[in-house]
Amino acid sequence: MVDFGGVLRPGMGVWWSQAAAEPRPLVDELLAQAPKLGPLRLFTGLSWNDQLAHQMSPTDTMVSYGGLGSLRELGATDQLDVVPCHYSALPRMFAEHRLPCDAGLLQVSPPDVDGMCSLGIGVDYMADAAEHTSLLFAEINAQMPPLPGSPRIPLTRFAATLETDRPLQEESVRAPGDLDRAIAANVATLVDDGDTVQVGIGSTGAAVFDALSGHRDLGVHSGMLTDGVMRLIDKGVITGARKQVDVGLAVAGTALGSAELYARVADLPMLFRPTSYTHAPQVLSQLSSLVAVNFAIEVDLTGQVGAEMSRGTYLGAVGGQVDFARAAALTGKRSIVALRSTMRGRSSIKFALDEGVVTTARADVDCVVTEHGIAHLRGQPLAERRRRLIEIAAPEFRDELSKAVFAA
């Protein structure tokens, strides 16, 4: 047990690692003690802790860059404060203490002979935040791999530690369906041999990697590395041989996948770097072959993308979508936004975004892809964009969209 009572005071801000690197035992301890600590401001990203909405003290507030995973439930109880920001902005906001960073909870590997603990697969925003956080607490997990090149933190830097020996949490992802595969097949035609790809997560992202299995010498530079990357490395498809930086390496901030991925990651050509590197404009601008593949909830007839909210509820985030889309559109090769043509019986291609929230500007979108085809938007005026987007909308909604354009 870690006693937070002696060091945390009311009003302090505490962040912790996300996804598979989430230090769940430490988080559970913090939440259990929180009512005695006074109101706290908490921060995390993607969380799979399904008890958050039930365990959080009503006086505490969760701050995040979106409503990912279990954080969606907190949105319904008004305990989630979303900070809309590009993922690349997180390091600066921690440096300026605009995000909670009085204390941080990390999951690390056991210390090496020099007393250094590796962040393993959980580098991401955590490495940047740790530099500006005075109090650090660590779950030292015997199953967190001490990866070469992953940032390390001295054991003496931690105010308290908790030793565990538990499997890293696996991602629970739905297997790609027919629509995912149809979208992915269209996306794959926009990727050439030797390109460096960034692909969003989820079932459609998994389908995209499957659809790329016939390509050669692909590179990867992304926010997260998944099983799809591992499979294409095994097939010799992802080699990174033609990347302009980090040649031969798949680069990301964290790994998100299966137990097999976590067990093998130390032996794969993967490198985990902080957000201040993976999403930095000065790094992305060097990848002249970058193809960004991101996903959306809705797209309007000019190409504006909504990827955050649906029916008033936060389902996603700005995240790294704009960082990669803009780099791919301006200094890379191609910015792709993919989505299903319908969602809950309604068209996902719309005359105007339902939520009124633009995640990615139309100027940063080169192609929009659905299961019905590809709308090439780069260099096209508004009228032609509308025509092309209507062509890839669900057939049953095309007349309705055309009438809305005519009536406008």
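Residues numbered from 1 in each chain as written. Predicted model: local features only at pLDDT ≥ 70, side-chain atom pairs only at ≥ 80, totals over all residues. Heavy atoms only, no water.

- As annotated in an unreviewed UniProt entry, the protein is Acetyl-CoA hydrolase/transferase family protein from Gordonia polyisoprenivorans.

## Digging into the layout of surface pockets
1) Next: Empty space within the largest pocket amounts to approximately 1,600 Å³.
2) Next: Contributing elements (two or more residues each) for the lining of the largest pocket: α6 (178–188), β10 (196–199), α7 (203–211), β16 (290–295), α12 (321–330) and β22 (342–343).
3) Next: Considering only residue class, the lining of the largest pocket consists of 22 nonpolar, 19 polar and seven charged.
4) Next: Two domains each put at least three residues into the lining of the largest pocket: domain 1 (13–164) and domain 2 (178–407). (1 Å grid on protein atoms, 1.4 Å probe; cavity = no way out; pocket = protein on both sides within 12 Å on 5 of 7 lines; lining within 4 Å. Points joined across faces, edges and corners; volume = space filled by probe spheres on them. Helix = DSSP H or I, 4+ residues; strand = E, 2+ residues; numbered from the N terminus. Nonpolar A, V, L, I, M, F, W, Y, C, P; charged D, E, K, R; others polar. Domains from an automatic or database assignment.)

## Quick notes on helix α8 (residues 227–234)
1) Next: The buried fraction of α8 is high, at six of eight residues.
2) Next: Among all positions of α8, only Asp-227, Gly-228, Val-229, Met-230, Leu-232 and Ile-233 are buried.
3) Next: In the core, the buried residues of α8 are packed alongside α7, β11 (219–220), β12 (224–225), β13 (250–252), α9 (259–264) and β15 (270–272).
4) Next: Directly after α8, the chain includes Gly-236, whose backbone phi takes a positive value near 80°. (Buried < 20%, exposed > 50% of the residue type's maximum accessible area, 1.4 Å probe, protein only. Contact = heavy atoms within 4.5 Å.)

## Some thoughts on the nonpolar core
1) Next: By size, the foremost hydrophobic cluster in this structure holds 74 residues, and its most contacted members are Trp-15, Ile-121 and Met-270.
2) Next: Examining the composition of this core, we find that five residues originate from one element, helix α5 (residues 124–130), more than from any other.
3) Next: Shared between two domains, this core takes at least three residues from each, and those domains are domain 1 (13–164) and domain 2 (178–407).
4) Next: When residues no more than four places from it in sequence are discounted, the contact partners of Ile-121 are Ala-20, Met-144, Pro-145, Leu-147, Leu-168, Gly-253, Thr-254, Ala-255, Tyr-262, Val-265 and Phe-272.
5) Next: Judged by nonpolar contacts, the second largest core, of 24 residues, contains Met-12, Val-14, Ala-103 and Phe-137. (Core = buried A, V, L, I, M, F, W, Y, C linked by side-chain atoms within 4.5 Å.)

## Remarks on the UniProt feature "domain: Acetyl-CoA hydrolase/transferase N-terminal" (unreviewed entry) in the protein
1) Next: Within this numbering scheme, the UniProt entry marks residues 79–147 as carrying the feature "domain: Acetyl-CoA hydrolase/transferase N-terminal" (unreviewed entry).
2) Next: Within residues 79–147, the helical portion is 19% and the strand portion 28%, while the C-alpha atoms at the span's ends are 36 Å from each other. (UniProt positions renumbered as here; feature names shortened; annotations may be inferred.)

## A short note on the pairing of strand β5 (residues 103–108)
1) Next: Among the six residues of β5, six are classified as buried, and the element is accordingly described as predominantly covered.
2) Next: Side-chain alternation along β5 places Ala-103, Leu-105 and Gln-107 on one buried face and Gly-104, Leu-106 and Val-108 on a second face that is also buried.
3) Next: Pairing analysis gives three bridges linking strand β1 (residues 13–16) to β5, with the strands arranged parallel. Considered in β5, the bridge of Trp-16 is made with Leu-105.
4) Next: Of the strand pairs in this sheet, β5 and strand β7 (residues 135–141) are connected by six bridges, and their pairing is parallel. In the sheet register, Gly-104 faces β7, and the bridge partner there is Leu-136. (Pairing = 2+ DSSP bridges.)

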